[in-house]
Amino acid sequence: MLTVTDLSVRYGAIQALDRVTLEVPDEAVVAVLGSNGAGKSTLLRAISGTHKLHKGRIDTGSITHDGQRLDKLNPAATVARGVVQVPEGRRIFGRLTVDENLRAGGMGVKNRRQGSARDRVFELFPRLQERRGQTAALLSGGEQQMLAIGRALMAHPKLLLLDEPSLGLAPQVVEQIGEIILEINRQGTSVLLVEQNASMALRVANLAYVLDVGEVSLHGSAEELAATDQVQRLYLGHGADEPAGAGAAPRRSVARLSRWSG
Ligand SMILES: Nc1ncnc2c1ncn2[C@@H]1O[C@H](COP(=O)(O)OP(=O)(O)OP(=O)(O)O)[C@@H](O)[C@H]1O
Ligand SMILES: [Mg+2]
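This text gives an overview of the structure that appears in the document.

Here is what the cut-offs are and how they apply
Residues numbered from 1 in each chain as written. Chains lettered and ligands numbered in written order. Predicted model: local features only at pLDDT ≥ 70, side-chain atom pairs only at ≥ 80, totals over all residues. Heavy atoms only, no water. Pairing = 2+ DSSP bridges. Helix = DSSP H or I, 4+ residues; strand = E, 2+ residues; numbered from the N terminus. Contact = heavy atoms within 4.5 Å. Axes fitted to C-alpha atoms, helices over the stretch in contact; angles between N-to-C directions. Core = buried A, V, L, I, M, F, W, Y, C linked by side-chain atoms within 4.5 Å. Buried < 20%, exposed > 50% of the residue type's maximum accessible area, 1.4 Å probe, protein only. Expected span 1.5 Å × (residues − 1). Salt bridge = Lys/Arg side-chain N within 4 Å of Asp/Glu carboxyl O. Donors = N, O, S within 2.8 Å, 3.2 Å for Na, K, Ca; no water. Phe/Tyr/Trp six-rings, centres within 6.5 Å; stacked < 30°, edge-to-face > 60°. Lys NZ or Arg CZ within 6 Å of the ring centre and 35° of its normal. Polar contact = N/O pair within 3.5 Å; in protein donor to acceptor, adjacent residues only side chain to side chain. Near = heavy atom within 4 Å. Areas by Shrake-Rupley, 256 points an atom, 1.4 Å probe, with all protein chains shown as cover.

This part takes up the sheet that holds strand β4 (residues 56-65). The strand order across the open sheet formed by four strands is β2-β1-β4-β5, and the pairing between neighbours is antiparallel. With one partner strand each, in any of the chains shown, β2 (14-24) and β5 (68-69) form the two edges of the open sheet. Direction of pairing for strand β1 (residues 2-11) relative to β4: antiparallel, over a ladder of eight bridges. By the bridge assignment for β4, Leu2 is matched with His65. Sitting on the sheet, helix α1 (residues 40-48) is in contact with β1, β2 and β4, with an inclination near 110 degrees to β1.

Written as structure tokens, this is what we have:
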């Protein structure tokens, strides 16, 4: 379980997050929605400890994962604890091959466990296996996103932090990414998914939060949020004259959802 309590982060004079409180229960997919500049990436950076690379500073609050304070750790120690981020814009190593990118993600992981992680990645992404010797820069946008997720899986994450995996991808590929997130979650990894694509995010998530200029303005089960006026209008693009509920129909089974909505 990840618990973020009263987290405030600033970049110099810019307050990016203001007392944000959020939870990611074990085995859950939690979505964070919000428009440009809402603080979504800042939230993931603070959790992964990479905010310092962007000159960000935690002012107040704490971040705890399975009882351990993450906000006291450096990024490498956070990865070693099983909390792994896929950054916005993928950041794959373009000059390296697919295989070399994966190996970089598994650095610090014992050889035997690297093998099992690679098997898992190739099972999830057969396309990466076919292209394992190819230079990463030559992959399509969707394949690069798959590689970015695959590279993160090499570190055996317990919690995966995904920053806008759907960015710039065709609708069909966004759907595939959604399916992959569900499969990774079924295999026992919890996911904190930052997205502007609310329709995909609310379909795969159990719980969701809306960030509005650095503050949490809404939270609840993904189903509840998808039905609110605010999310319908601002994030699902439905006008007032359209029937409520015309947006994302959560694809999770009712049994699964009810586990989280109580
Ligand atoms: N390195 C930085 N230095 C100064 N200000 C920053 C920095 N990074 C982000 N900010 C500011 O902090 C606020 C939150 O930015 P953040 O990148 O977290 O938003 P976001 O929700 O991820 O936006 P987007 O959807 O565009 O990726 C914005 O006002 C942004 O301008
Ligand atoms: Mg961002």
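From this point, things continue past the structure.
As a further point, take the nonpolar core. Ranked by size, the top nonpolar core spans 49 residues in total, and within it Leu160 and Ile181 carry the most contacts. Setting aside its immediate chain neighbours within four residues, Leu160 contacts Val84, Val86, Ile149, Ala152, Leu153, Ile184, Thr189, Ser190, Val191 and Leu192. Ranked by size, the runner-up nonpolar core spans 26 residues in total, among them Val24, Ala28, Leu192 and Val194.

Before going further, it helps to spend a moment on helix α4 (residues 111-124). Here α4 is 14 residues long and its end C-alpha atoms lie 20 Å apart, about the 20 Å a rise of 1.5 Å per residue gives. Listing the buried residues of α4 in full gives Gln114, Ala117, Arg118, Arg120, Val121, Phe122 and Leu124. Among the structural elements, α3 (98-105), α5 (126-130), α6 (141-153) and α7 (171-186) are those in contact with the buried residues of α4.

The next point concerns the pattern of salt bridges. For the structure shown, the criterion picks out eleven salt bridges. For Arg131, the salt bridge goes to Glu143, with nearest N and O atoms at 3.4 Å. Note that Arg131 is positioned in the loop between α5 and α6 and Glu143 in helix α6, a separation of twelve residues in sequence. By relative accessible area, Glu143 is classed as buried at 7%. Look at the salt bridges and you will find they share partners, linking Arg127, Glu130, Arg131 and Glu143 into a network.

With that settled, the discussion passes to the coordination of the magnesium ion (ligand 2). Protein-derived ligands of the magnesium ion (ligand 2) are Ser41 (OG) and Glu88 (OE), with the metal-ligand distances lying across 2.0 to 2.5 Å. On the criterion of sequence distance, the pair formed by Ser41 in helix α1 and Glu88 in the loop between β6 (83-86) and α3 is long-range, its members being 47 residues apart. Taking the relative accessible area as the measure of exposure, Glu88 reaches 31% and is therefore partly exposed.

Let's shift gears to the packing of aromatic side chains. Aromatic ring pairs are defined here through the distance separating the ring centres and the angle between the ring planes. This model, assessed by the stated rule, comprises zero aromatic pairs. One cation-aromatic arrangement involves Arg151 over Phe93; the distance from NZ or CZ to the ring centre is 4.9 Å.

Examined against the element boundaries, Thr42 turns out to sit in helix α1. Here the side chain of Thr42 touches Tyr11 through a polar contact of 2.7 Å, side chain to side chain. In this structure Thr42 touches Val9, Tyr11, Ala16 and Leu17, once residues within four positions along its chain are discounted.

By nearness alone, 16 residues border ligand 1, and Gly37, Lys40, Ser41, Thr42 and Glu88 come closest of all. The backbone of Gly37 places a nitrogen or oxygen atom 2.8 Å from an oxygen atom of ligand 1. Contacts to ligand 1 include His54, whose backbone N or O atom sits 3.1 Å from a nitrogen atom. Burial of ligand 1 by the surrounding chains reaches 69%, relative to a free accessible area of 630 Å². For the shell around ligand 1, the secondary-structure elements that each account for two or more residues are β2 and α1.

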